[in-house]
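Below, each chain spelled out in residue letters.
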Amino acid sequence: MPGEIITLQAGQCGNQVGQQFWSQLCGEHGIEKDGMPVKVEGIERNDQPGVFFRTNSSGRYTPRAILIDLEPRVINSIKAETNDGLFDPKDIYVSSEGGGAANRWAEGYVNAMRNKEEILDMINREIDSCDNFEGFQLLHSVAGGTGSGFGSFLLEELSDNYSKKLVQTYSVFGASEVVVQPYNTVLTLKRLVEHSDANIIVDNNSLTTIASKNLQVLSPSYNDTNKLISTVMSACTNTLRFPSYSYNSLTSILSTLIPTPDLHFLIPSYTPFTSDFVNAAAKEIRGSTAYDVILEVLDKKLRMCSYNEPNGVNISVFDILMGTEKSMASQSESIQKALIKARERIQFAPWSSSAIHVAVGSKSPFIAKGDTRETNDIVSGLMLANSTSILPILRQVANQYDQLMHRNAFLNNYLNSDYDTEVGDIMDEFNDSREVLENQIAEYQLSESINYLNEVDEEDEEGGKVEGADQQEADVEMNL
Ligand code: GTP
């Protein structure tokens, strides 16, 4: 079986995104919302729910998930929605103080530090229930206080304590609702850069625009934007949960996308939004083939981060195509044709392999059974791009941060926090984090140059945990 993945969800955003993700996964693996298996006749199981769920002797599925928040509201609503049956109560951490982190990174960070033993115990207990533990995924926002601060501490601990395991994040950037968001984001970005292996970055501005254009919703709610994120998460893990010949582990996917550990931000694009995942009203959608999907996901208006900004230079591109056996049958030739066209349309970094890698996943039999014939004929697809299209959002965060810091605006809450007494000088932390962001921006800029590989220090060349890129370079573009 592919290795197990433990999900950590922190703060309001992390838990609400998680709520959608688990609901999607339960649907795809025939699991009721309280964890019991769905009783349906005539479905042959070819899935591996064990990657994300453990089971007990009565057949109940429990997510390998740890839910963390500093206030109880969201977690209580998740418990109520799942009839208190899906999640293990031992995997839930709600701060006894109960007031949230009030959008302060330092508040979230210090709370995590004080409760480190309790959290590590939860993580270790989950690891004990795995046979072949592969890594973690953290779901969080980088803009508030808990997902960013608690999440930052978690990332430091994960990389310290489980250095051989993958750490991937789904990191949601805010849309300026929180005035101190640039501070929280810069402090968190340092941990994304230094203490994780891969980050799937989405921003709420892009998600809202995509949701309103594609889901025919005038003012999209978090529920709508979270469906987009959970669709990406589901697609990204499809080949792990419905294994075929290739890309059966997160490591194999990430090693294709991350040629050097210094460049590990990934931007998702997805098409089309059909009723199996996102849009219950999308019945009239026109047919979509693998050919259509490979070309459509290149549209910058589908990019879930830096929506519609000019296209950057690609370091690597990975497509995951999903459909029923029937809709995927004899698609090889049209996939090849689409890849040739796609390669002409996008720019690759001169030192990169310039290949678009493709994995072919499957549609869940539980979803295919309930679907109309039309949706069962549709191929959907996710593109993950490691590209300099990430630069606009990084520069925007840096500029907003500099404007606030120039006036020492809203700093008091950070200066007077317990961080200074319990951890260290918060101003040093700010300066250091800002420098890390600057270096990350410079690194992505440099990646556009033909000399990029020559400019890398010997120390950097040693590489990180995501290994095997060389082998993937030799890959043909398609890995069916
Ligand atoms: P505190 O509230 O300070 O304890 O931290 P928190 O991490 O719980 O805050 P939260 O997750 O609410 O982070 C704030 C940012 O996340 C803002 O940019 C919100 O717009 C965004 N956000 C909050 N909930 C959601 C959600 O369910 N989905 C999405 N996409 N964004 C969300």
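Cut-offs applied
Residue numbers restart at each chain and count upward from 1, following the sequence in its written direction. At least 70 in pLDDT is required for a residue's local features to be given in this predicted model, at least 80 for side-chain atom pairs to be given and counted, and no such filter applies to totals for whole chains, interfaces and linings, which use all residues. Side-chain metrics in this entry use all non-hydrogen atoms of the structure; hydrogen atoms and water are not considered. Helical segments are the DSSP runs of H or I of at least four residues, strand segments are the runs of E of at least two, and each set is numbered from the N terminus. When a residue's accessible area, from a 1.4 Å probe over protein chains only, is under 20% of the maximum for its type it is buried; when over 50% it is exposed; and in between it is partly exposed. We call two residues in contact when some of their heavy atoms are within 4.5 Å. Accessibility throughout is a Shrake-Rupley quantity obtained with a 1.4 Å probe, and a residue counts as covered only by protein chains that appear here. Neither His nor the chain termini are counted; the positive set is Lys and Arg, and the negative set is Asp and Glu. In this description, the location of a charge corresponds to atom NZ of lysine, CZ of arginine, CG of aspartate or CD of glutamate. Distances are taken per atom, and a residue is near a molecule or strand as soon as one of its heavy atoms is within 4 Å of it. Here a polar contact is recorded for every N or O atom pair within 3.5 Å, except that within protein the pair must consist of a potential hydrogen donor and a potential acceptor, and residues adjacent in sequence are included only if both atoms are side-chain atoms. When residues are grouped by polarity, Ala, Val, Leu, Ile, Met, Phe, Trp, Tyr, Cys and Pro land in nonpolar, Asp, Glu, Lys and Arg in charged, and all others, Gly among them, in polar. Centres within 6.5 Å make a pair out of two Phe, Tyr or Trp rings, where for Trp the six-membered ring is used; the pair is then stacked when the planes are under 30 degrees apart, edge-to-face when over 60, and tilted otherwise. We treat two strands as partners when DSSP finds at least two bridges between them. Here, axes are lines fitted to C-alpha atoms. For helices the fit covers the stretch in contact, and angles between N-to-C directions go from 0 to 180 degrees.

**Student:** Describe the overall build of the chain, naming the residues involved and giving the relevant values.
**Tutor:** If you tally the helices and strands in the chain, you get 22 helices and twelve strands. Along the first, second and third principal axes, the C-alpha set of the chain runs to 65 × 55 × 45 Å. Relative to its 480 residues, the chain shows a buried fraction of 59%. Of all intrachain contacts in the chain linking residues separated by at least 6 positions in sequence, the fraction that spans at least 24 positions is 82%. Roughly 19400 Å² of accessible area belongs to the chain as shown, and the carbon and sulfur atoms make up 44% of that amount. Of the charged side chains in the chain, 37 are positive and 68 negative, and the gap between their average positions amounts to 8 Å.

**Student:** Could you give an account of the site of the ligand, with specific residues and numbers?
**Tutor:** Looking at the ligand, there are 21 residues lining it, with Gln16, Asn103, Thr146, Gly147 and Glu177 nearest. The contact in question runs from an oxygen atom of the ligand to an N or O atom on the side chain of Tyr222, over 2.7 Å. In the complex, 93% of the free accessible area of the ligand, which totals 640 Å², lies under the protein chains. Secondary-structure elements contributing two or more residues to the shell around the ligand are helix H1 (11-28), helix H5 (146-161) and helix H8 (222-236). Per-element tally for the shell around the ligand: the top contributor is H1, with four residues. Class assignment of the residues belonging to the shell around the ligand gives a composition of six nonpolar, 14 polar and one charged.

**Student:** An account of the packing of aromatic side chains is requested, with residue identities and associated values reported.
**Tutor:** In this description, an aromatic ring pair is defined by two values, namely the gap between the centres and the angle between the planes. Tallied over the entire structure, the rule returns 21 aromatic pairs. Between Phe53 and Tyr61 the ring centres are 5.9 Å apart and the planes differ by 80°, which places this aromatic pair in the edge-to-face class. Since its relative accessible area comes to 11%, Tyr61 is described here as buried. Linked through ring pairs, Phe21, Trp22, Phe52, Phe53, Tyr61 and Phe87 together constitute an aromatic cluster.

**Student:** For the sheet that holds strand S12 (residues 380-387), give the residues involved together with the corresponding values.
**Tutor:** By definition, the strands of a sheet pair up through backbone hydrogen bonds, in either a parallel or an antiparallel sense. Ordered by their spatial adjacency, ten strands build an open sheet running S5-S4-S1-S6-S7-S8-S9-S12-S10-S11, and the pairing between neighbours is mixed. Unpaired on one side and paired on the other, strand S5 (92-94) and strand S11 (356-360) mark the two borders of the sheet. In this sheet, neighbouring strand axes are inclined to one another by 20° on average, regardless of whether the strands run parallel or antiparallel. Judged from the eight bridges that link them, strand S10 (residues 314-322) and S12 form a sheet pairing that is antiparallel. Looking across to S12, one finds that Met322 is bridged to Ser380. Across the face of the sheet, helix H7 (residues 204-214) comes into contact with strand S7 (166-173) and strand S8 (198-203) while running at roughly 60° to S8.

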